[in-house]
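# Structural characterization, general
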Amino acid sequence: MESLTKATTSSKMQRLVVIAQHLRNYKRPSSSYDQMEETDAGKAVSQVGFQESVTPTIVKDVERYRPKKAAVLVCLFEGDKGDLRVILTKRASKLSTHSGEISLPGGKAEEGDKDDEETATREAEKEIGVDPSLVEVITVLEPFLSKYLLRVVPVIGVLHNKKAFKPTLNPAEVEEVFDAPLEMCIKDENRRVRESEWMGEKYLLHYLDYEYENKKYLIWVFTAAILIRAAAVVYQKPPAFGEGNLSSSFLGL
């Protein structure tokens, strides 16, 4: 029995290694913002987000639009059933803005951060107590831009030893921490959608319904958009609902 357990553990680690290897080859679309100087700003959360690579109206006027900077951690691990899962949080109910919403751990960049990876892992440690040494950062996705001009960079990392992660929540920011299967984000089930217009462009905005341990969660469009993109990159295929309509443009696939 012990040898079987070791073999299973080894198999899981190998699958994560394979995933990590192909993610390292991911090349994110370039953005005009990558070359511009950004201003300091406070932390914010938006319900609407767009990839910078599909926001041509703003890109034409980078001097006018100088987004605030933040990063989130898309922390992946392999579940007991062999599925790839992502760690999510529920924002504290006492927060003055967007209380109780589902989000990825992360937050604003600080002056001492050397890059987006450090911002994401530092904020994740502060919010849910995940030791940065447990997370292998694999790649960085293209930034997402909120309607309030918060520039959020998703950082994908792998948690090879989930059992070593003992959540320690910061009650001022986080009420719950849980996980969800990443693949659900590119399936057409449990999805809501509405059309919206921003900066003269039309987009489809997605919401994801998820039930975990008899609790129901609604993942709003900003976090949903990042998760959909991350899942598409990890599984190397577009979402089931993305081809040939507005959502394919929204996702840049």
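One numbering rule holds for all chains: residues counted from 1, following each sequence as written. Given that the model is predicted, a residue must reach a pLDDT of at least 70 before its local features are reported, and side-chain atom pairs must reach 80 or more before they are shown or counted; all residues, however, enter totals for whole chains, interfaces and linings. Neither water nor hydrogens contribute to the side-chain values; these are computed over all heavy atoms in the structure.

- The name given to the protein chain in an unreviewed UniProt entry is Nudix hydrolase 15, mitochondrial, and the organism recorded there is Melia azedarach.

## Overview of the overall build of the protein chain
- Secondary structure elements follow DSSP: runs of H or I of four or more residues count as helices, runs of E of two or more count as strands, with numbering from the N terminus. Helix and strand content of the protein chain: five helices and 12 strands.
- When the 253 residues of the protein chain are sorted by exposure, 47% land in the buried category.
- Contacts are residue-level and defined by heavy atoms, with any inter-residue pair within 4.5 Å sufficient. Relative to all contacts within the protein chain whose residues are 6 or more apart in sequence, the contacts with residues 24 or more apart total 69%.
- Note on areas: these come from Shrake-Rupley sampling with a 1.4 Å probe, and a residue is covered only by the protein chains present in the view. Of the accessible surface of the protein chain, which amounts to about 12,600 Å², a share of 47% is contributed by carbon and sulfur atoms. Think of it in three bands: residues with accessible area under 20% of the maximum for their type are buried, residues over 50% are exposed, and the middle band is partly exposed, with areas taken using a 1.4 Å probe on protein chains only.

## A short note on the pattern of salt bridges
- We count a salt bridge whenever a side-chain nitrogen from Lys or Arg sits within 4 Å of a carboxyl oxygen from Asp or Glu. One pass over the structure, following the stated rule, counts 15 salt bridges.
- Across the salt bridge formed by R122 and E110, the nearest N and O atoms sit 3.4 Å from each other. Of this pair, R122 sits in helix α3 (residues 116-128) while E110 is found in the loop between β5 (106-108) and α3, placing the two residues 12 residues apart along the sequence.
- One salt bridge in this structure joins K126 and E173, with 3.6 Å as the shortest N-O distance. Linking K126 in helix α3 with E173 in the loop between β8 (150-159) and β9 (174-181), this pair joins segments that are 47 residues apart in sequence.
- On the basis of relative accessible area, E173 is assigned to the buried category, the value being 18%.

## What to know about the pairing of strand β2 (residues 68-78)
- Within β2, nine of the 11 residues are buried, which leaves it mostly tucked inside the rest of the structure.
- Two strands pair when backbone bridges link them, and β2 and β8 are joined in this way by nine bridges, in the parallel orientation. Bridged to K68 within β8 is L150.
- Of the pairings in the sheet, the one linking β2 to β5 comprises three bridges and is antiparallel in character. Along β5, the bridge assignment pairs A71 with G107.
- At least two bridges found by DSSP between two strands is the condition for calling them paired. The pairing of β2 with strand β3 (residues 84-91) spans three bridges and is classified as antiparallel. Bridge pairing in β3 places L76 opposite V86.

## Comments concerning the environment of E175
- Position of E175 relative to the elements: it lies in strand β9.
- Two N or O atoms count as a polar contact when they lie within 3.5 Å, although within protein this holds only if one can serve as hydrogen donor and the other as acceptor, and sequence-adjacent residues are included solely when both atoms are side-chain atoms. Reaching out from E175, the side chain makes a polar contact with the side chain of S93 at a distance of 3.0 Å.

## What to know about unusual backbone geometry
- Although it is not a glycine, N190 sits at a positive phi angle of roughly 55 degrees.
- Of note, N190 is situated in the loop between β9 and β10 (191-198).
- At N214, a position not held by glycine, the phi torsion is positive, near 65 degrees.

## Details of the side chain of T139
- Within the secondary structure, T139 sits in strand β6 (residues 135-140).
- A residue is classified by how much of its surface remains accessible, and T139, at 8% relative accessible area, is buried.
- If sequence neighbours within four positions are ignored, T139 has contacts with L23, Y26, P154, V155 and I156.

## Section: helix α4 (residues 221-235)
- Given the number of residues in a helix, its expected span is that number minus one, multiplied by 1.5 Å. In this model α4 runs 20 Å from its N-terminal to its C-terminal C-alpha over 15 residues, within 8% of the 21 Å that 1.5 Å per residue would give.
- The buried fraction of α4 is high, at 14 of 15 residues.
- Looking at the residues trailing α4, positive phi occurs at Q236, about 55 degrees.

## Things to note about the confidence of the model for the protein chain
- Each residue carries a pLDDT score, the predictor's confidence in it, ranging from 0 to 100. The share of residues in the protein chain with pLDDT of 70 or more is 72%, and the mean pLDDT across the chain is 79.
- Predicted confidence in the protein chain is weakest over helix α5 (residues 246-251), with a mean pLDDT of 37, and strongest over α3, with 97.
- This model gives residues 56-60 a pLDDT under 50, and the stretch forms 12 contacts once residues within four places in sequence are excluded.
- For the stretch residues 243-253, pLDDT sits under 50, and the model shows 34 contacts to residues farther than four places along the chain or on other chains.

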